[in-house]
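Spelled out from the first residue to the last, the chains are:
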Amino acid sequence: MRKRNVVFIAGLSAALAMGTITPLSVYAEAAVEEVSAEVTAEETVQEDTNGLERQAAADASDAGQGAVTEEAANVQEEASEDGQIAAEEQAPEERQAVPVPQETSEDVQAPEDGSLEQEAFDDVDAPASEEKLKELKNAVSRAREIFYKNIFLDADEEVQESFFNAFQRAEGMLKLPNLPARDADRAMQDLKDAESALNGRASEDLQKEIERGELVKRSIRYKRAPEQERESYDKALKDAGELLEKTRDNPEYIPAPLRKKTIEEEIAHVVSARDALTGSSPKTEELKKQISEAETAKSGKKYQNAGKDFQRAYDETLRTARAVQEDEWASEEDTDKNIEALKKKEEALRALYENGNAGNQQNGGSGKPDGSRKSGGGNRSGRSNRSGGGGSGRSAGSARQAGSSILPVQTVMTNRASLNAGKWVNVNGKWRLELRAADGTRAGFASAQWAKLDSKWYLFGQDEYMCTGLVRANNASYYFDASGAMQTGWLSFNNKWYYFDELSGAMRTGWLNQDGKWYFLKADGSMAVNEMTSDGHKVGADGVWMK
């Protein structure tokens, strides 16, 4: 059987390549001859038998006999045996006989009342209708086209032969008279099943590998690979494309037995050249490091204190970055993009934490420095009291001294706003800010509120006077110089160093990272020096954590 399969496939390939015969002539003629062989054999037997009977009858008549003699009967028997042998010699090996229904008196019997029973209409051997025959013909026509498709040409030999056999039977049945409907249905179902079993996917797999080449060529592994590796991969893709173009739905280019193997070898060649690419970039390691830092930050205070919406956005950015890191064919552009996205999220997380922590700095910060926190700020240099500021005609001489007042200011810091200010008024050496209504009329003095004048923030107490020095408001401490302007960054007074947030102006407490160095600010805001911090870390004379 295996030898016959190979001969069949080779013959099919040659026939289709030469264009001298169609799949119909290759497959259907064999089917018609096979089905017709039995009919021809039976007709031959019948003709020989009839001839011998006529000869025997003539001989009997000449002898005056009215019946067939014993000798004639013997001749008739011998002829029947010879006819049977002839029929067997004409029948093809392993033939499958298609029964032709012969109606007899026993098949359909009329009931006593003269009507046909319902079972007669349901006879399984009833001939196929014109519509059924048309349906079978269309199925055969569709199947004939499949012989030129990759799904058949690339299929395994056994699967190809199963499809051929189903096609052969279906095509042959179209030549039979009175084809039973059940045989037509079986032929169509067998053809459908055989088509579903076709597994010619080699050309499709090669096409996918070629399309993947566009993605590979954008990757770091390709772009950063040595020139020889890139040239080898480019050539493999080119050869694959040429082979695919020549074999697409074309049985003439490669003989059927070699087609699938040739295409699979080309796929293996492309994959081998692709896997040999060894390009790498420092960006890959940078992304890996950035992801590690982001994952560490998730267990820290900054992330845990952030809102749920921010956490979800942060997590999504991290997931995207991980996907790029795990993609061995990631591009340098995608790698850079995700590095920057993680950096921005880290900066946003830090700013969110510092701003949210500004109004509650006096609670202290007992957490260990985790290496990821870096706050802005100026140089650690003392700020001298400065004059000048919001208006003319006022001096700094009568300003309140640091720590001289704790005012119960009611307006929260986030509600700061520029006021429609009038003029500064000095009352007994203290400054007040006159306000104006929209129409320009006087509207009293600023009281228990912030005022932004000339890009500087000022604070006024409930007594309507401008605040100076160290002032506590809204559960946070602020420092205002002699001119009344709020100060930020490192400040020194009372022989101690303090740090005021660059954005909010609130005094910081807890651990502070400046230029990679860690400082500890105690509950009163002063920097720890030459001592153990409240969470058990040693700081030196300059206040830097001694690791």
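As a reminder, the structure under discussion sits directly above these lines.
Each chain carries its own residue numbering, running from 1 in the direction its sequence is written. In keeping with the predicted nature of the model, local features appear solely for residues at pLDDT of at least 70, side-chain atom pairs appear and are counted solely at 80 or more, and the whole-chain, interface and lining totals rest on all residues. By convention in this description, side-chain values take in all heavy atoms of the structure and omit both hydrogens and water.

Peer 1: Is there a simple way to think about the packing of aromatic side chains in this case?
Peer 2: For any pair of aromatic rings, geometry is given as the distance between the ring centres together with the angle between the planes. Pairing of aromatic side chains here covers Phe, Tyr and the six-membered ring of Trp, requires ring centres within 6.5 Å, and sorts the geometry by plane angle: under 30 degrees stacked, over 60 edge-to-face, intermediate tilted. This structure, assessed with the given rule, holds 22 aromatic pairs. Ring geometry for phenylalanine 147 versus phenylalanine 167: centroids 5.0 Å apart, planes at 90°, classification edge-to-face. You can see phenylalanine 147 sitting in the loop between α5 (130–146) and α6 (150–153) and its partner phenylalanine 167 sitting in helix α7 (residues 157–173), a full 20 residues away along the chain. The buried label goes to any residue with under 20% of its type's maximum accessible area, the exposed label to any with over 50%, and the partly exposed label to all in between, with areas taken from a 1.4 Å probe on protein chains only. Phenylalanine 147 sits in the buried class, given a relative accessible area of 0%. When the centroid spacing of 5.8 Å and the interplanar angle of 55° are considered together, the rings of phenylalanine 152 and phenylalanine 163 count as tilted. To qualify as a helix, a DSSP run of H or I must reach at least 4 residues; to qualify as a strand, a run of E must reach at least 2; elements of each kind are numbered from the N terminus.

Peer 1: Looking at this structure, I do not really get unusual backbone geometry. What am I missing?
Peer 2: Residues apart from glycine generally show negative phi values, whereas peptide bonds are mostly found in trans. Of note, asparagine 494 is a non-glycine position whose phi angle comes to about 60°, a positive value. Its identity as a non-glycine residue notwithstanding, asparagine 530 has a phi of 50°, on the positive side.

Peer 1: Mind showing me how you'd approach the pattern of salt bridges here?
Peer 2: For side chains of opposite charge, pairing can occur when their charged atoms come near one another. Here, a salt bridge means any Lys or Arg side-chain nitrogen found within 4 Å of an Asp or Glu carboxyl oxygen. Per the counting criterion, the structure on display carries 24 salt bridges. Of the charged contacts, one joins lysine 208 and glutamate 204 as a salt bridge, the two residues approaching to 3.6 Å between their closest N and O atoms. One end of the pair, lysine 208, and the other, glutamate 204, are both in helix α9 (residues 202–218), four residues apart, so they sit about a helical turn from each other. Linking aspartate 275 and arginine 274 is a salt bridge whose minimum nitrogen-to-oxygen distance equals 3.4 Å. Judged by its relative accessible area of 45%, aspartate 275 is partly exposed. Bridged by salt links that share partners, the residues Lys283, Glu286, Asp336 and Lys343 form one connected network.

Peer 1: Could you clarify how one ought to interpret the environment of glutamate 229 in this entry?
Peer 2: Along the polypeptide, glutamate 229 turns up in helix α11 (residues 227–247). Put simply, glutamate 229 and alanine 276 are 47 residues apart on the chain and 6.9 Å apart in space, counted from C-alpha to C-alpha. Contacts of glutamate 229, omitting those with residues within four sequence positions, involve Ala276, Leu277 and Thr278. Whether two residues are in contact is decided by their heavy atoms: any pair within 4.5 Å suffices.

Peer 1: Explain the pairing of strand β8 (residues 489–493) to me, please; I cannot follow it from the model alone.
Peer 2: Two faces make up the sheet, and in a regular strand the side chains alternate between them. Across the five residues that make up β8, a large majority, four, are buried. Paired strands, in this sense, are two strands between which DSSP finds at least two bridges. As paired strands, β8 and strand β9 (residues 496–500) are joined by five bridges and run antiparallel to one another. Along β9, the bridge assignment pairs serine 492 with tryptophan 497. Taking the residues that link successive antiparallel strands as the turn, the β8-β9 hairpin has two residues, and the phi of asparagine 494 there is positive, at about 60°.

Peer 1: How should the packing of helix α13 (residues 282–297) against helix α15 (residues 308–326) be read in this particular structure?
Peer 2: When two helices pack together, their arrangement is captured by the angle between the axes and the distance separating the axes. Fitted lines through C-alpha atoms serve as axes, helices being fitted only where they are in contact, and the angles separating the N-to-C directions of these axes extend from 0 to 180 degrees. In contact at an axis separation of 10 Å, α13 and α15 are set at 150° when each is read in the N-to-C sense. As summarised for this structure, α13 and α15 are arranged roughly antiparallel, according to the angle between their axes. In this structure, the crossing between α13 and α15 has a hand that is left-handed. Contacts between α13 and α15 involve Leu287, Lys288, Ile291, Ala294, Glu295 and Ala297 from the first element and Tyr314, Leu318, Ala321, Arg322, Val324 and Gln325 from the second. Along the lines of polarity and charge, the residues of the contact of α13 with α15 split into eight nonpolar, one polar and three charged. Reported orientations rely on four angle classes, namely roughly parallel under 35 degrees, roughly antiparallel over 145, roughly perpendicular from 65 to 115, and oblique for the rest. What makes a crossing left-handed is the near helix being turned counterclockwise from the far one by less than a right angle; a clockwise turn instead makes it right-handed. In the scheme used here, Gly and all other residues not listed as nonpolar or charged are polar, with Ala, Val, Leu, Ile, Met, Phe, Trp, Tyr, Cys and Pro taken as nonpolar and Asp, Glu, Lys and Arg as charged.

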